[in-house]
Amino acid sequence: MTASSSFSSSLQRRRFAAWLALGAASSLLPARAAAPFPEKGRTVRIVLGLAAGGASDAQARFVANKLGEVLQTPVIVENRPGASFILATEEVIRSAPDGYTFMYAPSSVVAQNPQTLAQVRYDPFKDLTPISLGARGPLVLTVHTSVPARTVQELVAYIKANPGKMSYASFGTGTSSHIYGEAFARQAGLDVVHVPYKGGADAAKDFLAGRVQYYFDAAPNAIQNTATGKVRMLAVAAPKRSPMLPDVPTMGEQGVSGVDMPSWLGFYGPARMPAPVVEKLNAALAQVLAMPATRDFFRQGAYEAESSSPKQLADLTRSTYDQWGDIIRKLGLVKQQQ
(Lines give C-alpha, C1' and ligand atoms only; values in the text may rest on other atoms or scores of the structure.)
Protein backbone atom coordinates (compact mmCIF):
# COMPACT_ATOMS: atom_id res chain seq x y z
CA MET A 1 0.00 0.00 0.00
CA THR A 2 1.39 3.43 -0.93
CA ALA A 3 1.59 6.31 1.54
CA SER A 4 -1.11 8.09 -0.44
CA SER A 5 -3.57 5.19 -0.34
CA SER A 6 -2.86 4.61 3.36
CA PHE A 7 -3.64 8.24 4.13
CA SER A 8 -6.87 8.09 2.11
CA SER A 9 -8.00 4.92 3.88
CA SER A 10 -7.22 6.44 7.26
CA LEU A 11 -9.16 9.57 6.37
CA GLN A 12 -12.20 7.54 5.34
CA ARG A 13 -12.11 5.61 8.63
CA ARG A 14 -11.95 8.85 10.63
CA ARG A 15 -14.90 10.31 8.69
CA PHE A 16 -16.95 7.16 9.22
CA ALA A 17 -16.20 7.20 12.94
CA ALA A 18 -17.19 10.86 13.15
CA TRP A 19 -20.47 10.11 11.30
CA LEU A 20 -21.27 7.32 13.79
CA ALA A 21 -20.51 9.59 16.72
CA LEU A 22 -22.75 12.33 15.32
CA GLY A 23 -25.57 9.84 14.80
CA ALA A 24 -25.25 8.52 18.34
CA ALA A 25 -25.25 12.02 19.78
CA SER A 26 -28.30 13.09 17.79
CA SER A 27 -30.24 10.05 18.96
CA LEU A 28 -29.85 11.27 22.53
CA LEU A 29 -31.49 14.63 21.74
CA PRO A 30 -35.20 14.99 22.55
CA ALA A 31 -37.51 14.53 19.56
CA ARG A 32 -38.75 17.75 17.99
CA ALA A 33 -42.23 18.45 19.30
CA ALA A 34 -45.00 18.80 16.75
CA ALA A 35 -46.19 22.35 16.21
CA PRO A 36 -49.19 23.14 18.42
CA PHE A 37 -52.56 23.27 16.69
CA PRO A 38 -53.59 25.77 15.68
CA GLU A 39 -50.49 27.89 15.15
CA LYS A 40 -51.18 31.43 16.24
CA GLY A 41 -52.36 33.57 13.36
CA ARG A 42 -52.70 30.72 10.87
CA THR A 43 -56.08 30.69 9.15
CA VAL A 44 -58.47 27.77 9.46
CA ARG A 45 -60.83 27.20 6.49
CA ILE A 46 -64.35 25.81 6.68
CA VAL A 47 -65.24 24.80 3.12
CA LEU A 48 -68.92 24.95 2.14
CA GLY A 49 -70.20 23.49 -1.10
CA LEU A 50 -73.06 25.97 -1.38
CA ALA A 51 -73.34 29.54 -2.57
CA ALA A 52 -73.15 32.36 -0.06
CA GLY A 53 -76.41 33.62 1.35
CA GLY A 54 -78.22 30.39 2.21
CA ALA A 55 -79.08 28.98 5.62
CA SER A 56 -76.12 26.60 5.80
CA ASP A 57 -73.81 29.45 4.85
CA ALA A 58 -75.22 31.57 7.66
CA GLN A 59 -74.75 28.73 10.14
CA ALA A 60 -71.18 28.08 8.98
CA ARG A 61 -70.25 31.76 9.27
CA PHE A 62 -71.74 32.04 12.74
CA VAL A 63 -69.78 28.98 13.88
CA ALA A 64 -66.60 30.22 12.19
CA ASN A 65 -66.79 33.52 14.06
CA LYS A 66 -67.20 31.82 17.44
CA LEU A 67 -64.66 29.11 16.62
CA GLY A 68 -62.07 31.76 15.85
CA GLU A 69 -62.59 33.18 19.33
CA VAL A 70 -62.22 29.76 20.97
CA LEU A 71 -59.15 28.73 18.95
CA GLN A 72 -57.71 32.26 19.02
CA THR A 73 -56.90 32.18 15.33
CA PRO A 74 -58.72 33.35 12.19
CA VAL A 75 -61.45 30.99 10.93
CA ILE A 76 -63.05 31.72 7.56
CA VAL A 77 -65.77 30.16 5.40
CA GLU A 78 -64.81 29.40 1.81
CA ASN A 79 -67.74 28.83 -0.57
CA ARG A 80 -67.11 26.25 -3.31
CA PRO A 81 -70.59 25.76 -4.83
CA GLY A 82 -71.43 23.40 -7.64
CA ALA A 83 -71.82 19.74 -8.52
CA SER A 84 -73.93 18.93 -5.44
CA PHE A 85 -71.06 19.61 -3.02
CA ILE A 86 -68.62 17.39 -4.96
CA LEU A 87 -66.20 20.25 -5.70
CA ALA A 88 -66.06 21.24 -2.04
CA THR A 89 -65.66 17.65 -0.86
CA GLU A 90 -62.82 16.98 -3.29
CA GLU A 91 -61.14 20.21 -2.18
CA VAL A 92 -61.18 19.00 1.42
CA ILE A 93 -60.02 15.48 0.51
CA ARG A 94 -57.02 16.94 -1.38
CA SER A 95 -56.06 19.22 1.52
CA ALA A 96 -53.33 18.46 4.01
CA PRO A 97 -54.78 16.52 6.99
CA ASP A 98 -53.51 19.09 9.46
CA GLY A 99 -56.80 20.53 10.73
CA TYR A 100 -56.60 23.80 8.83
CA THR A 101 -59.16 22.73 6.22
CA PHE A 102 -62.44 20.94 6.89
CA MET A 103 -66.02 21.24 5.69
CA TYR A 104 -69.51 21.81 6.98
CA ALA A 105 -71.68 19.45 4.99
CA PRO A 106 -75.28 18.24 4.87
CA SER A 107 -75.89 14.54 5.29
CA SER A 108 -76.50 14.20 1.54
CA VAL A 109 -72.77 14.63 0.90
CA VAL A 110 -71.89 11.42 2.72
CA ALA A 111 -75.18 9.50 2.57
CA GLN A 112 -76.81 10.24 -0.79
CA ASN A 113 -74.27 11.60 -3.28
CA PRO A 114 -72.08 8.46 -3.34
CA GLN A 115 -75.19 6.43 -4.14
CA THR A 116 -76.89 8.75 -6.64
CA LEU A 117 -74.19 10.62 -8.58
CA ALA A 118 -72.01 8.87 -11.15
CA GLN A 119 -69.19 11.40 -10.92
CA VAL A 120 -68.61 10.90 -7.20
CA ARG A 121 -65.18 9.35 -6.79
CA TYR A 122 -64.76 9.69 -3.04
CA ASP A 123 -65.53 7.11 -0.37
CA PRO A 124 -67.21 8.83 2.60
CA PHE A 125 -65.84 6.20 4.97
CA LYS A 126 -62.23 6.15 3.73
CA ASP A 127 -61.55 9.64 2.40
CA LEU A 128 -63.02 11.78 5.19
CA THR A 129 -62.44 12.17 8.93
CA PRO A 130 -65.59 12.76 11.02
CA ILE A 131 -65.03 15.60 13.47
CA SER A 132 -68.39 16.53 14.98
CA LEU A 133 -72.08 16.75 14.26
CA GLY A 134 -73.19 20.35 13.73
CA ALA A 135 -76.97 20.58 13.56
CA ARG A 136 -80.20 18.69 13.04
CA GLY A 137 -83.33 19.92 11.36
CA PRO A 138 -86.08 18.94 8.93
CA LEU A 139 -86.70 19.70 5.31
CA VAL A 140 -90.01 21.45 4.66
CA LEU A 141 -92.29 21.08 1.64
CA THR A 142 -92.96 24.62 0.47
CA VAL A 143 -95.13 25.83 -2.39
CA HIS A 144 -95.26 29.12 -4.29
CA THR A 145 -98.41 31.11 -3.58
CA SER A 146 -99.32 31.05 -7.29
CA VAL A 147 -100.31 27.44 -6.61
CA PRO A 148 -103.74 27.31 -4.88
CA ALA A 149 -102.78 24.58 -2.41
CA ARG A 150 -102.73 24.76 1.37
CA THR A 151 -102.31 21.07 2.10
CA VAL A 152 -100.34 18.22 0.55
CA GLN A 153 -103.56 16.67 -0.75
CA GLU A 154 -104.53 19.91 -2.48
CA LEU A 155 -101.05 20.15 -4.03
CA VAL A 156 -101.34 16.60 -5.37
CA ALA A 157 -104.75 17.34 -6.86
CA TYR A 158 -103.48 20.54 -8.52
CA ILE A 159 -100.42 18.83 -10.03
CA LYS A 160 -102.57 16.01 -11.40
CA ALA A 161 -104.87 18.57 -12.97
CA ASN A 162 -101.83 20.12 -14.70
CA PRO A 163 -99.67 17.14 -15.78
CA GLY A 164 -96.17 18.00 -17.02
CA LYS A 165 -96.62 21.71 -16.28
CA MET A 166 -95.30 21.76 -12.70
CA SER A 167 -91.68 21.69 -11.58
CA TYR A 168 -89.91 21.35 -8.26
CA ALA A 169 -86.54 22.73 -7.20
CA SER A 170 -83.73 21.04 -5.34
CA PHE A 171 -80.37 22.24 -4.08
CA GLY A 172 -78.61 19.67 -6.27
CA THR A 173 -79.05 16.36 -8.02
CA GLY A 174 -78.78 13.49 -5.56
CA THR A 175 -79.38 15.66 -2.49
CA SER A 176 -82.12 14.98 0.03
CA SER A 177 -84.32 17.69 -1.51
CA HIS A 178 -84.10 15.89 -4.85
CA ILE A 179 -84.73 12.41 -3.44
CA TYR A 180 -87.66 13.66 -1.36
CA GLY A 181 -89.08 15.32 -4.47
CA GLU A 182 -88.70 12.08 -6.40
CA ALA A 183 -90.17 9.99 -3.57
CA PHE A 184 -93.14 12.35 -3.31
CA ALA A 185 -93.73 12.20 -7.07
CA ARG A 186 -93.54 8.40 -7.11
CA GLN A 187 -95.77 7.96 -4.05
CA ALA A 188 -98.45 10.31 -5.36
CA GLY A 189 -98.12 9.43 -9.07
CA LEU A 190 -97.13 12.94 -10.16
CA ASP A 191 -95.93 14.06 -13.60
CA VAL A 192 -93.46 16.82 -12.70
CA VAL A 193 -90.05 18.18 -13.74
CA HIS A 194 -87.01 18.28 -11.44
CA VAL A 195 -84.90 21.48 -11.61
CA PRO A 196 -81.58 21.21 -9.68
CA TYR A 197 -79.65 24.26 -8.44
CA LYS A 198 -76.23 24.90 -6.89
CA GLY A 199 -77.65 25.58 -3.44
CA GLY A 200 -80.52 27.05 -1.48
CA ALA A 201 -79.75 30.65 -2.39
CA ASP A 202 -79.81 29.96 -6.12
CA ALA A 203 -82.97 27.86 -5.89
CA ALA A 204 -84.73 30.56 -3.86
CA LYS A 205 -84.38 33.13 -6.66
CA ASP A 206 -86.39 31.10 -9.16
CA PHE A 207 -88.73 29.74 -6.51
CA LEU A 208 -89.69 33.18 -5.21
CA ALA A 209 -90.18 34.31 -8.80
CA GLY A 210 -92.57 31.42 -9.39
CA ARG A 211 -90.46 29.78 -12.11
CA VAL A 212 -90.54 26.56 -10.06
CA GLN A 213 -93.65 25.75 -8.07
CA TYR A 214 -92.62 23.71 -5.05
CA TYR A 215 -89.53 22.73 -3.14
CA PHE A 216 -88.35 20.50 -0.29
CA ASP A 217 -86.21 23.15 1.34
CA ALA A 218 -84.06 23.37 4.45
CA ALA A 219 -86.13 24.72 7.32
CA PRO A 220 -84.21 28.03 7.71
CA ASN A 221 -84.67 28.82 4.02
CA ALA A 222 -88.33 27.80 4.17
CA ILE A 223 -88.96 30.17 7.07
CA GLN A 224 -87.11 33.01 5.34
CA ASN A 225 -88.93 32.48 2.03
CA THR A 226 -92.32 32.21 3.76
CA ALA A 227 -91.69 35.58 5.40
CA THR A 228 -91.72 37.19 1.94
CA GLY A 229 -95.41 36.28 1.55
CA LYS A 230 -94.65 34.44 -1.71
CA VAL A 231 -94.33 30.95 -0.23
CA ARG A 232 -96.39 28.66 1.99
CA MET A 233 -95.14 25.79 4.15
CA LEU A 234 -97.26 22.66 3.65
CA ALA A 235 -95.45 19.88 5.51
CA VAL A 236 -92.38 18.84 7.45
CA ALA A 237 -90.38 15.96 5.96
CA ALA A 238 -89.63 14.27 9.27
CA PRO A 239 -91.07 11.53 11.50
CA LYS A 240 -92.63 14.11 13.81
CA ARG A 241 -93.44 17.80 13.89
CA SER A 242 -90.64 20.23 14.59
CA PRO A 243 -90.83 21.98 17.98
CA MET A 244 -89.90 25.18 16.13
CA LEU A 245 -92.71 24.68 13.55
CA PRO A 246 -95.47 23.14 15.67
CA ASP A 247 -98.27 24.22 13.31
CA VAL A 248 -96.76 22.55 10.25
CA PRO A 249 -97.92 18.90 9.95
CA THR A 250 -95.68 16.09 8.74
CA MET A 251 -95.94 14.46 5.33
CA GLY A 252 -97.12 11.27 7.06
CA GLU A 253 -99.94 13.11 8.78
CA GLN A 254 -101.14 14.12 5.33
CA GLY A 255 -101.07 10.65 3.84
CA VAL A 256 -97.63 10.51 2.20
CA SER A 257 -95.18 7.94 3.59
CA GLY A 258 -91.46 7.44 2.91
CA VAL A 259 -90.63 11.16 3.06
CA ASP A 260 -89.82 11.37 6.72
CA MET A 261 -86.09 11.33 7.42
CA PRO A 262 -84.70 14.29 9.38
CA SER A 263 -81.67 16.00 7.91
CA TRP A 264 -78.45 16.99 9.64
CA LEU A 265 -75.11 18.65 8.98
CA GLY A 266 -71.66 17.70 10.20
CA PHE A 267 -68.00 18.71 10.14
CA TYR A 268 -65.57 16.50 8.21
CA GLY A 269 -61.86 16.80 7.45
CA PRO A 270 -59.60 14.89 5.07
CA ALA A 271 -58.53 11.34 5.88
CA ARG A 272 -55.57 10.65 8.20
CA MET A 273 -56.01 13.66 10.45
CA PRO A 274 -53.93 13.27 13.64
CA ALA A 275 -56.04 12.27 16.63
CA PRO A 276 -54.87 15.23 18.79
CA VAL A 277 -55.95 17.68 16.07
CA VAL A 278 -59.35 16.00 15.70
CA GLU A 279 -59.78 16.10 19.49
CA LYS A 280 -58.88 19.80 19.61
CA LEU A 281 -61.35 20.71 16.87
CA ASN A 282 -64.03 18.48 18.36
CA ALA A 283 -63.71 20.11 21.78
CA ALA A 284 -63.73 23.61 20.28
CA LEU A 285 -66.81 22.89 18.15
CA ALA A 286 -68.59 21.36 21.16
CA GLN A 287 -67.92 24.57 23.07
CA VAL A 288 -69.23 26.75 20.23
CA LEU A 289 -72.34 24.65 19.55
CA ALA A 290 -73.26 24.65 23.25
CA MET A 291 -73.21 28.45 23.48
CA PRO A 292 -76.67 29.96 24.10
CA ALA A 293 -76.04 32.45 21.28
CA THR A 294 -75.34 29.61 18.84
CA ARG A 295 -78.39 27.65 19.91
CA ASP A 296 -80.61 30.71 19.60
CA PHE A 297 -79.25 31.52 16.14
CA PHE A 298 -79.83 27.99 14.84
CA ARG A 299 -83.32 27.80 16.38
CA GLN A 300 -84.36 30.88 14.45
CA GLY A 301 -84.14 28.62 11.41
CA ALA A 302 -85.81 25.60 13.07
CA TYR A 303 -82.47 23.80 13.48
CA GLU A 304 -80.93 22.49 16.68
CA ALA A 305 -77.21 23.06 17.14
CA GLU A 306 -75.76 19.75 18.30
CA SER A 307 -72.24 18.41 18.68
CA SER A 308 -71.05 14.80 18.92
CA SER A 309 -67.91 12.75 19.31
CA PRO A 310 -66.09 11.79 16.10
CA LYS A 311 -67.21 8.17 16.60
CA GLN A 312 -70.83 9.19 17.04
CA LEU A 313 -70.68 11.12 13.76
CA ALA A 314 -69.03 8.13 12.06
CA ASP A 315 -71.83 5.85 13.31
CA LEU A 316 -74.49 8.37 12.22
CA THR A 317 -72.87 8.61 8.78
CA ARG A 318 -73.03 4.84 8.35
CA SER A 319 -76.63 4.48 9.56
CA THR A 320 -77.86 7.40 7.43
CA TYR A 321 -76.02 6.02 4.39
CA ASP A 322 -77.74 2.66 4.86
CA GLN A 323 -81.18 4.22 5.39
CA TRP A 324 -80.93 6.37 2.25
CA GLY A 325 -79.61 3.37 0.36
CA ASP A 326 -82.83 1.52 1.14
CA ILE A 327 -84.95 4.44 -0.12
CA ILE A 328 -82.86 4.84 -3.27
CA ARG A 329 -83.17 1.13 -4.10
CA LYS A 330 -86.92 1.12 -3.46
CA LEU A 331 -87.32 4.08 -5.81
CA GLY A 332 -85.21 2.33 -8.40
CA LEU A 333 -82.96 5.37 -8.79
CA VAL A 334 -79.74 4.88 -10.73
CA LYS A 335 -76.61 7.00 -10.53
CA GLN A 336 -76.95 10.11 -12.64
CA GLN A 337 -74.53 12.43 -14.41
CA GLN A 338 -74.84 16.07 -13.49
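Given the structure is predicted, the values throughout are model-derived calculations rather than measurements.

Undergrad: Mind laying out the overall build of the protein chain, listing which residues take part and the relevant values?
TA: Counting its regular elements, the protein chain contains 12 helices and 11 strands. With 338 residues in all, the protein chain has 51% of them scored as buried. Of the contacts formed within the protein chain by residues at least 6 apart in sequence, a portion of 78% connects residues at least 24 apart. Of the accessible surface of the protein chain, which amounts to about 15,500 Å², a share of 55% is contributed by carbon and sulfur atoms.

Undergrad: Explain the sheet that holds strand S9 (residues 231-237) residue by residue, including any values.
TA: Read across the open sheet, the five strands follow the order S7-S6-S8-S5-S9; overall the sheet is mixed. In the strand order of this sheet, the two ends are held by strand S7 (192-196) and S9, each with one partner. Between one strand axis and the next, the sheet turns through 25° on average, direction left out of account. Summarising the sheet, strand S5 (residues 139-144) and strand S8 (residues 214-218) pair through five bridges and their orientation is antiparallel. Note that in S8 the partner of Leu141 across the bridge is Phe216. Here helix H9 (residues 219-226) sits on the sheet and contacts S5, S8 and S9; the angle it forms with S8, its principal contact strand, is near 125°.

Undergrad: Account for helix H12 (residues 310-331), naming residues and giving values.
TA: Residue pairs three or four apart in sequence face the same way in an α-helix, which turns once every 3.6 residues. Taking 1.5 Å of rise per residue, the 22 residues of H12 would be expected to cover 32 Å, and the 31 Å separating its terminal C-alpha atoms lies within 8% of that figure. Residues Leu313, Leu316, Thr317, Thr320, Trp324, Gly325, Ile327, Ile328 and Leu331 constitute the buried set of H12. Buried residues in H12 make contact with helix H4 (108-111), helix H5 (113-116), strand S4 (128-137), helix H7 (176-188) and strand S10 (263-270). Gly332, located one to two residues past H12, shows a positive phi value of around 75°.

Undergrad: Outline the packing of H7 against H12, listing residues and values.
TA: Across the interface, H7 lies against H12 with an axial gap of 11 Å and an inter-helix angle of 40°. By the angle class used here, H7 and H12 are oblique. Relative to H12, H7 is oriented so that their crossing is left-handed. Of the residues in H12, those touching H7 at Ser176, Ile179, Tyr180, Ala183 and Arg186 are Trp324, Ile327, Ile328 and Leu331. Considered class by class, the residues forming the contact of H7 with H12 number seven nonpolar, one polar and one charged.

Undergrad: Explain the pattern of salt bridges to me, and be specific about the residues and the numbers.
TA: Per the stated rule, a full pass over the model turns up 17 salt bridges. We note a salt bridge from Arg61 to Asp57, for which the minimum N-O separation is 2.9 Å. One end of the pair, Arg61, and the other, Asp57, are both in helix H2 (residues 55-71), four residues apart, so they sit about a helical turn from each other. For Arg61, a relative accessible area of 37% corresponds to the partly exposed category. Residue Asp57 is classed as buried on the basis of its relative accessible area, which comes to 6%. Its salt-bridge partner being Glu304, residue Arg299 comes within 3.3 Å of it at the nearest N-O pair. On the accessibility criterion, Arg299 (37% relative accessible area) is partly exposed. For Glu304, a relative accessible area of 24% corresponds to the partly exposed category. Where salt bridges share partners, they join Arg45, Glu78, Arg80, Glu91 and Arg94 into one cluster.

Calculation notes
- Per chain, residues are indexed from 1 in the order of the written sequence.
- The predicted origin of the model limits local features to residues at a pLDDT of at least 70 and limits the giving and counting of side-chain atom pairs to 80 or more, whereas totals for whole chains, interfaces and linings rest on all residues.
- Side-chain figures throughout are based on the complete set of non-hydrogen atoms in the structure, without hydrogens or water.
- The secondary structure listing takes helices from DSSP runs of H or I that are at least 4 residues long and strands from runs of E that are at least 2 residues long, numbered from the N terminus.
- Exposed residues in this analysis have more than 50% of their type's maximum accessible area, buried residues have under 20%, and partly exposed residues fall in between, with area computed by a 1.4 Å probe over protein chains only.
- The contact criterion used is simple: two residues touch if any of their non-hydrogen atoms lie within 4.5 Å.
- Here the Shrake-Rupley method, with its probe set to 1.4 Å, supplies the accessible areas, and only the displayed protein chains count as covering residues.
- Pairing between two strands is assigned when DSSP locates at least 2 bridges connecting them.
- Here, axes are lines fitted to C-alpha atoms. For helices the fit covers the stretch in contact, and angles between N-to-C directions go from 0 to 180 degrees.
- Here, expected helix span is obtained from the residue count minus one, scaled by 1.5 Å.
- Roughly parallel here means an angle under 35 degrees, roughly antiparallel means over 145, roughly perpendicular means 65 to 115, and every remaining angle is called oblique.
- In this scheme, a crossing is called left-handed if the near helix is turned counterclockwise away from the far one by less than a right angle; it is called right-handed if the turn is clockwise.
- Gly counts as polar in this scheme, as do all residues outside two lists: the nonpolar Ala, Val, Leu, Ile, Met, Phe, Trp, Tyr, Cys and Pro, and the charged Asp, Glu, Lys and Arg.
- Salt bridges, as used here, are contacts in which a Lys or Arg side-chain nitrogen is within 4 Å of a carboxyl oxygen on Asp or Glu.

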